[in-house]
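Summary of structural features
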Amino acid sequence: MTQLPDSLDHAIAQAIEATKAAIADGRTRIQIELLFPEVKVMPLAQQFIAAFADMDDTLRVFFPDPGAAALARRDWGETPYAIRGIGELKAQIQPNEQLFLFIEPSSVEVQQVEQLCQEAGDRPVVMLMPRMDDVMTIGIGYAARQLRERFLNQFEASYYIRPLDKVAVFRTYPSLWQVWIEDDQGDYQLFSEETQKPVGDALEQILLRASGSTPADPSTANPSAAKLTVPSRGLLGNLKQFLRALSQ
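Conventions and cut-offs
- Residues numbered from 1 in each chain as written.
- Predicted model: local features only at pLDDT ≥ 70, side-chain atom pairs only at ≥ 80, totals over all residues.
- Heavy atoms only, no water.
- 1 Å grid on protein atoms, 1.4 Å probe; cavity = no way out; pocket = protein on both sides within 12 Å on 5 of 7 lines; lining within 4 Å.
- Points joined across faces, edges and corners; volume = space filled by probe spheres on them.
- Helix = DSSP H or I, 4+ residues; strand = E, 2+ residues; numbered from the N terminus.
- Nonpolar A, V, L, I, M, F, W, Y, C, P; charged D, E, K, R; others polar.
- Buried < 20%, exposed > 50% of the residue type's maximum accessible area, 1.4 Å probe, protein only.
- Pairing = 2+ DSSP bridges.
- Right-handed = clockwise from strand over helix to strand, strands pointing away.
- Contact = heavy atoms within 4.5 Å.

Turning our eyes to something else, we now look at the layout of surface pockets. The space that makes up the largest pocket amounts to roughly 440 Å³. Around the largest pocket sit 17 residues that line it, and Gln31, Leu152, Phe155, Trp177 and Lys197 are the ones nearest its centre. Mapped onto the lining of the largest pocket, the elements with two or more residues apiece are β1 (29-34), α5 (142-152) and β6 (156-164). Looking at side-chain class alone, the lining of the largest pocket contains six nonpolar, four polar and seven charged residues.

Below is the structure:
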């Protein structure tokens, strides 16, 4: 049983392991989300990509725009893999490339990303920290929202963690989606495992069961949850220390 991470480094290591496992199992459309406040994507991406650097020029890294790609090339120095903005003329997929990493793509680039994914064919594509849920805030119309939903439905989460108020939603491939809840002693307990991502009403129902407001559903509640605990200070305290270091 995979435990919740106790630091951002630990979370990134878990994400790398889960992503490699998904690729080894033949998954070709993968996404990773570490939804911690204040996380800076550039150092996170650099640490994640380092685990795949041995692929040399068979790896391609995409940023949302040429400016972000240029910043990465400046800060990361010479790399054996190409770093490009999604819309650059030199962004075309090359025959020798075997893995494509998109760093923080947004709803604005969804059509371009989809086109590049089509060019990639059955080669694996990984989206790290996508920002495609902001579509309503930037005024994209109905047709574009439909495109986004259709495109995102192709992707499977190899790693996802989202801490909420005394709750953490967690998934690491190939495990089920998990909901961890903080108890009165400040420990996080695994309360529920789900086949689908628990969001909205589904997550609310799980939290109601946890609070005793509705009867527990034996198909989702985990009977051994009390044995699976991690100190809340491990999840939140160490992460906060690391996040402060990142922000300096």
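Moving on, we get to the pairing of strand β5 (residues 125-128). Burial along β5 is two-sided: Val125 and Met127 and Val126 and Leu128, pointing in opposite directions, are all buried. Relative to β5, β1 is paired through four bridges, and the arrangement is parallel. In the sheet register, Ile30 faces β5, and the bridge partner there is Val126. Relative to β5, strand β4 (residues 99-103) runs parallel, the two being bridged by four bridges. The residue bridging Phe102 from the neighbouring strand is Met127, located in β5. Taking the sense of rotation as the criterion, the β-α-β connection linking β4, helix α4 (residues 110-120) and β5 turns out right-handed.

Moving on, we get to the side chain of Arg60. Its place among the elements puts Arg60 in strand β2 (residues 59-63). The exposure class of Arg60 is buried, given its relative accessible area of 3%. Among residues more than four places away in sequence, those in contact with Arg60 are Ala82, Arg84, Lys90, Ala91, Gln92, Gln94, Glu97, Leu99, Phe100 and Leu101.

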